[in-house]
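# An overview of the molecular structure
Here is how the chains run, residue by residue.
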Amino acid sequence: MKRVLTIQDISCLGKCSLTVALPIISAMGAETAIVPTAVLSTHTMFSNFTFRDLTEDMEGIKNHWVKEGFAFDAIYTGYLGSKEQVQIVSDYFHTFRNEHNYIVADPAMADNGKMYAGFSPDFALEMAKLCGEADIILPNISEACFMLNKEYVGEDADMDQIKALLLELGTLGAKTVVITGVKLGDNRFGFMGYDVKSKNFFCYDTEEIPMKSHGTGDVFASTFTGALMNDFSVYDSLKIAADYTCACIRNTYNDPDAVDYAVNFEVEIPYLLKMIGK
Ligand code: PXL
């Protein structure tokens, strides 16, 4: 069985980060090891959330695993709580990178042109360095702009603006750079990417559901990592992630009882498994 290491927070209630990554990657048939970076009562869109920083535990976990000789088929990082944690995650990359594994970095830190609570723009520059050490990066438009220290281009950025961002992201060091949440025509929505070595751009779109929700970036990145672990190519894994994320948003949009802080990813897991032939 393939083994994924995912490094991100536990938001105890809120259906994001580890409470999304664990069920999705497990359902897709890969073992998931975790390094929790912090424990929060909820994600940071709620007011007055608690936050327990777990930085102190991160090195000890790594050192124990080195002694045990553990290896990972993918390392997937999401929300990190501080610049110090970014540095420790970089050490994880150096320690566990090998010729066969994938390093996937989702620089979860901003949306709609604004950094999440508690982050300042200089955090994004640190995150950009970490993204340079990954194989594949998955920022949204806001995160791409913050990492490049550029003015926010807006959610309606056109393909030329996104291509310019991708070219610049491509200089950071990752092999494949992808921007998620891109408008790709009337009522179409998806991702655009750039393969640095071949200099090829690519994109894929799904129906645009007129609803913004929380945790969709985590659903996308977890599904992408899970699909890679099922031996799909990078592009096919991105497509599977886009189709599943779209289904989750659609389901939530059509559910009058849905919560307003996350998507109904649970009920679409059978669809996801069908897409990957399980
Ligand atoms: O979904 C990304 C995410 C992860 N973790 C925490 C968050 C968010 C988004 O707001 O607040 C703690």
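Residues numbered from 1 in each chain as written. Predicted model: local features only at pLDDT ≥ 70, side-chain atom pairs only at ≥ 80, totals over all residues. Heavy atoms only, no water.

### Digging into the site of the ligand
Contacts to the ligand come from 13 residues, most closely from Asp9, Thr44, Tyr116, His214 and Asp218. Side-chain polar atom of histidine 214 to an oxygen atom of the ligand: 2.9 Å apart, as the coordinates give it. Aspartate 218 is positioned with one of its side-chain polar atoms (N or O) 2.6 Å from an oxygen atom of the ligand. Calculation on the ligand without its partners gives an accessible area of 310 Å², and the protein chains cover 98% of this total. The pocket occupied by the ligand, as judged from atoms lying within 2 Å of grid points, is the largest pocket. (Near = heavy atom within 4 Å. Polar contact = N/O pair within 3.5 Å; in protein donor to acceptor, adjacent residues only side chain to side chain. Areas by Shrake-Rupley, 256 points an atom, 1.4 Å probe, with all protein chains shown as cover. 1 Å grid on protein atoms, 1.4 Å probe; cavity = no way out; pocket = protein on both sides within 12 Å on 5 of 7 lines; lining within 4 Å. Sits in = over half its atoms within 2 Å of the grid points.)

### Side note on the environment of leucine 148
By secondary structure assignment, the location of leucine 148 is in the loop between α5 (141-147) and α6 (159-169). Through-space distance from the C-alpha of leucine 148 to that of isoleucine 209 is 28 Å; in sequence the pair is 61 residues apart. (Helix = DSSP H or I, 4+ residues; strand = E, 2+ residues; numbered from the N terminus.)

### Description of the packing of aromatic side chains
Under the criterion given, the structure shown has 14 aromatic pairs. With a centroid separation of 5.5 Å and an interplanar angle of 55 degrees, the aromatic rings of phenylalanine 46 and tyrosine 261 are classed as tilted. Note that phenylalanine 46 is positioned in the loop between β2 (31-42) and β3 (51-53) and tyrosine 261 in the loop between α8 (234-253) and α9 (269-275), a separation of 215 residues in sequence. Both rings, one in phenylalanine 119 and one in phenylalanine 123, keep their centres 4.3 Å apart while their planes meet at 15 degrees; by these two values the pair is stacked. Here phenylalanine 119 falls in the buried class, since its relative accessible area comes to 12%. Through a chain of ring-to-ring contacts, the aromatic side chains of Phe191, Phe202, Tyr204, Phe220 and Tyr235 assemble into a single cluster. The ring of phenylalanine 201 carries lysine 163 above its face, with NZ or CZ at 5.2 Å from the centroid. (Phe/Tyr/Trp six-rings, centres within 6.5 Å; stacked < 30°, edge-to-face > 60°. Buried < 20%, exposed > 50% of the residue type's maximum accessible area, 1.4 Å probe, protein only. Lys NZ or Arg CZ within 6 Å of the ring centre and 35° of its normal.)

### Quick notes on the side chain of asparagine 140
With respect to the helices and strands, the residue asparagine 140 is situated in the loop between β8 (136-137) and α5. Residue classification places asparagine 140 among the buried residues on the basis of a relative accessible area of 13%. Of the polar contacts made by the side chain of asparagine 140, one reaches the backbone nitrogen of serine 142; its length is 3.1 Å. Not counting residues up to four positions away in its chain, the partners in contact with asparagine 140 are Ala110, Asp111, Ile179 and Thr180. (Contact = heavy atoms within 4.5 Å.)

### Considering helix α7 (residues 216-228)
With 13 residues, α7 extends 18 Å between its outermost C-alpha atoms, agreeing within 8% with the 18 Å of an ideal straight helix rising 1.5 Å per residue. Looking only at α7, the buried set comprises Thr216, Asp218, Val219, Phe220, Ala221, Ser222, Thr223, Phe224, Thr225, Gly226, Ala227 and Leu228. (Expected span 1.5 Å × (residues − 1).)

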